[in-house]
Amino acid sequence: MADLDLLVLGGGTAGLVSAVIAGGLGARVALVERDRTGGECLWTGCVPSKALIEAADLAHRMRRADRVGLAPVEPAVDLAEVMAHIRAAQRAIEPHDAPERVRAAGAEVITDEAVFVGPRRVRMKSDGRAVTARCVLVAVGSAPELPPIPGLAEAAPLTSDTVWGLEVLPARLLVLGGGPVGCELGQAFARLGSQVTLVERGPRLLAREDPDVGELITARLRDEGVDVRTSTEVTQVRVGGRVRLTGGQPGEIDTDRILVAGGRRPRTDGLGLPEAGVALTDRGAVRVDTRMRTTAPGVYAAGDVTGELPFTHVAAHQAATATLNALFWLPRYVRYLPMPYVVFTDPEVARVGLRAAQARHRWGDRAVVARLDLADVDRAVAAGRTDGWASLVADPSGRLVGATVVAPSAGEVIGELAALVARRARLTELYRTVHPYPTYALAAVDAVGEHLQRRLLTPTTRRLVRPVLAALRTAARTS
Ligand SMILES: Cc1cc2nc3c(=O)[nH]c(=O)nc-3n(C[C@H](O)[C@H](O)[C@H](O)COP(=O)(O)OP(=O)(O)OC[C@H]3O[C@@H](n4cnc5c(N)ncnc54)[C@H](O)[C@@H]3O)c2cc1C
Ligand SMILES: NC(=O)c1ccc[n+]([C@@H]2O[C@H](COP(=O)([O-])OP(=O)(O)OC[C@H]3O[C@@H](n4cnc5c(N)ncnc54)[C@H](O)[C@@H]3O)[C@@H](O)[C@H]2O)c1
């Protein structure tokens, strides 16, 4: 007989959300975490990276203060102090993710490493205790991948797991990978004073976005002194930090540290998933359907381990859906199209739904793309921060299916657009909603405004409207 209604494996975002919901609903639930609750987001991901970016952003603004008529200042950077600021932010958030909060919600917390020994049966590594549950949620996350480059492992490379232990700023830093981690951390370290080389194997940075996004971020990073090398690979690391690059921008460079940001791998090895009947995708993620069910009855998965949109808010949403489905056999499902995300470079890159290229691929010339550059947005002009744009994508009937906003605070703008994508609202609905002036959100609104103007305020419209107005003038004179 099952000991529990739900056993949750992993105490990161997905696991915590699940345990708190299940406990709060009165279920018999236990969460197993082998390390600290809080997971990647709190300890090695979102929180430390955004705290670092804040310090780096201020350093950059001090250095570029002349942009707004102030005397520029070269900041004195002590990385140990910046790391102390990061740890203070983590300490402030930690209680929210602490075992006490989970227990207060009614769930048991077990500090151990869990391994499946059968369908819905899990053994604890330390004491061999086996636990059976009616349902299991696999929420064990992902880990940074180290590419098999000769000499790399011997060079003690940093990853997003370990970079937070640095106390001294590396004078020279080679960042391997131009995805979100490489771009965010590469820009931040450059702004703090490291000489950064960013090496990306693909032809552009942030490859999941429209090409102009990668081009803009490349230009910004280069302007800030980062040596960006695309279509280039690290092929060898020698003792002493000499790195050989091949491909588009080859050469040999010397570096003090290497930060590997070449992607992540779901933590599915050694978890006994075959014993549980849980199948994996060809990329090693737990295969799930949109109800978050795995191939094993009663076993669900959520978060990075599923390989679907690896973001904290997605993990939380998947976990909530999985938990309700598991406990009550509900058919709730996850829709990925309206899921927004943000890359916290400067400018921020925020996206929801389809990119312009994807919409054109699907609908050809009938796809609607409304775009406005920040140079036409008064708030951006006033701030002297005009790198960026808003690009809204609609289907041929004018319903919003995607948006990309590249701007300061773009992350604060994308939520509204995600809500509109979720209910497939018309572009005109955004335009008719009065937004406060002057805000970056007006980039999206005015993009639609310009699009409507081009479509509606045409010579044909004027030809049709003029006789009507003439008739109304005549009527007014004779009345
Ligand atoms: C540098 C960086 C910055 C990021 N910034 C953002 C951001 O700004 N916004 C955003 O949305 N996302 C961001 N992310 C992504 C985000 O951190 C992840 O998507 C999210 O944390 C995944 O949560 P999770 O619950 O799936 O996994 P995790 O948080 O990794 O939790 C999994 C937990 O399972 C535990 N575990 C593993 N195996 C076992 C086992 N056998 N038994 C028991 N416990 C086990 C682990 O110890 C871990 O605590 C960032 C990631 C990185 C690396
Ligand atoms: N702001 C955010 O929400 C945020 C921030 C950081 C990370 N994340 C999440 O973490 C995940 C992982 O991010 P990531 O940037 O590590 O992975 P990624 O897979 O997005 O990007 C890795 C990049 O490294 C390149 N690469 C891989 N091996 C290479 C090699 N040997 N030489 C040169 N380039 C190489 C790849 O071509 C790719 O462009 C992302 O998918 C994202 O969802 C989110």
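Note that this is a predicted model, so its numbers are computed, not measured.

Undergrad: Looking at this model, I keep getting lost on the site of ligand 1. Mind explaining?
TA: Taken together, 36 residues form the shell around ligand 1, and within it Gly10, Gly12, Gly39, Gly141 and Gly303 come nearest. Across the shell around ligand 1, the residue classes tally to 15 nonpolar, 13 polar and eight charged.

Undergrad: Looking at this model, I keep getting lost on the site of ligand 2. Mind explaining?
TA: The environment of ligand 2 is made up of 26 residues, and the closest members are Gly177, Gly179, Arg201, Gly262 and Gly263. Looking at the shell around ligand 2, the elements that each hand over two or more residues are helix H6 (180-192), strand S11 (232-238) and strand S17 (341-343). The element best represented in the shell around ligand 2 is H6, accounting for four residues. No fewer than three residues from each of domain 2 (153-262) and domain 3 (340-457) sit in the shell around ligand 2.

Undergrad: Just to check I follow, could you spell out the UniProt feature "binding site: FAD" (unreviewed entry) in the chain for this structure?
TA: When the UniProt feature table is mapped to this numbering, "binding site: FAD" (unreviewed entry) covers Lys50 and Asp304. Among the structural elements, Lys50 can be located in helix H3 (residues 46-63). We classify Lys50 as partly exposed; it has 14 C-beta atoms within 10 Å. Take Asp304: it is sitting in the loop between strand S16 (299-301) and helix H9 (312-328). The exposure class assigned to Asp304 is buried, which follows from the 32 C-beta atoms found within 10 Å.

Undergrad: Got a minute to help me understand the nonpolar core in this structure?
TA: Grouped burial of nonpolar side chains is what soluble globular proteins tend to show. Leu137, Ala443 and Ala444 are the most contacted members of the largest nonpolar core, which has 140 residues in total. Dropping the residues within four chain positions of it, Ala443 is found in contact with Leu372, Leu374, Val377, Trp389, Ala390, Val405 and Ala407.

Undergrad: I tried to follow the packing of H3 against helix H4 (residues 79-97) on my own but got confused; where do I start?
TA: Look at H3 against H4: their axes get within 9 Å of each other, and the N-to-C directions meet at 135°. Accordingly, the angle class assigned to the pair H3 and H4 is oblique. The chirality of how H3 crosses H4 is right-handed. Counting all contacts with H3, which are made through Val47, Pro48, Ala51, Leu52 and Ala55, the residues of H4 involved are Val82, His85, Ile86, Ala89, Gln90 and Ile93.

Undergrad: How should the packing of H3 against H6 be read in this particular structure?
TA: Relative placement of two packed helices is described by the angle separating their axes and the distance separating the axes. It is the contact of H3 with H6, at a shortest axis distance of 8 Å, that shows an interaxial angle of 40°. Overall, the two elements H3 and H6 adopt an arrangement that is oblique. For the pair H3 and H6, the crossing hand works out as left-handed. Along the contact surface, H3 presents Ser49, Leu52, Ile53, Ala55, Ala56, Asp57, Ala59 and His60, while H6 presents Glu184, Leu185, Ala188, Arg191 and Leu192. Across the contact of H3 with H6, the residue classes tally to eight nonpolar, two polar and three charged.

Undergrad: Please explain the confidence of the model for the chain as it appears in this structure.
TA: A low pLDDT means the predicted coordinates there should not be read in detail. Here the chain shows a mean pLDDT of 97. Residues at 70 or above account for 100%. This complex was scored by the predictor with a pTM of 0.96 and an ipTM of 0.97.

Undergrad: Is there a simple way to think about the UniProt feature "binding site: NAD(+)" (unreviewed entry) in the chain in this case?
TA: UniProt feature "binding site: NAD(+)" (unreviewed entry): in the numbering of this structure it lies at Gly177, Gly178, Gly179, Pro180, Val181, Gly182, Cys183, Glu184, Glu200 and Gly263. These residues run over 87 residues, yet every pair of their C-alpha atoms falls within 13.7 Å of each other. Locating Val181 in the fold gives a position in helix H6. Judged by the 23 C-beta atoms lying within 10 Å of it, Val181 is buried. Those residues within four positions of Val181 in sequence are excluded, and the remaining contacts are Ser160 and Ala261. Its location among the elements puts Glu184 in helix H6. Owing to 22 C-beta atoms within 10 Å, Glu184 belongs among the buried residues under this scheme. Ignoring sequence-local partners within four residues, the contact set of Glu184 consists of Ser49, Ile53, Val343, Phe344 and Thr345.

Undergrad: Would you mind showing me how to read the sheet that holds S11 here?
TA: Sheet strands line up and pair through hydrogen bonds in the backbone, either parallel or antiparallel. Here we have three strands laid out as an open sheet, ordered S11-S12-S13, and antiparallel in their pairing. The two strands at the open ends of the sheet, each matched to only one other strand, are S11 and strand S13 (251-254). Sheet twist, expressed as the mean angle between neighbouring strand axes with direction ignored, is 30°. Sheet analysis places S11 next to strand S12 (residues 242-247), joined by six bridges and oriented antiparallel. Within S12, the position partnered with Val237 by the bridge is Val243.

Undergrad: So what exactly am I meant to see when it comes to the environment of Leu58 here?
TA: In this fold, Leu58 is placed in helix H3. Leu58 gets classed as exposed once you count the C-beta atoms within 10 Å, which come to 12. Considering only alpha carbons, one finds Leu58 and Pro75, 17 residues apart in sequence, at a separation of 8.9 Å.

Definitions and cut-offs
Residues numbered from 1 in each chain as written. Chains lettered and ligands numbered in written order. Predicted model: local features only at pLDDT ≥ 70, side-chain atom pairs only at ≥ 80, totals over all residues. Near = placed C-beta within 6 Å. Nonpolar A, V, L, I, M, F, W, Y, C, P; charged D, E, K, R; others polar. Helix = DSSP H or I, 4+ residues; strand = E, 2+ residues; numbered from the N terminus. Domains from an automatic or database assignment. UniProt positions renumbered as here; feature names shortened; annotations may be inferred. Buried ≥ 20, exposed ≤ 12 C-beta atoms within 10 Å, placed from the backbone. Core = buried A, V, L, I, M, F, W, Y, C linked by C-beta atoms within 7 Å. Contact = placed C-beta atoms within 7 Å. Axes fitted to C-alpha atoms, helices over the stretch in contact; angles between N-to-C directions. Parallel < 35°, antiparallel > 145°, perpendicular 65-115°, else oblique. Left-handed = near helix turned anticlockwise from the far one by under 90°. pLDDT = per-residue confidence, 0-100. Pairing = 2+ DSSP bridges.

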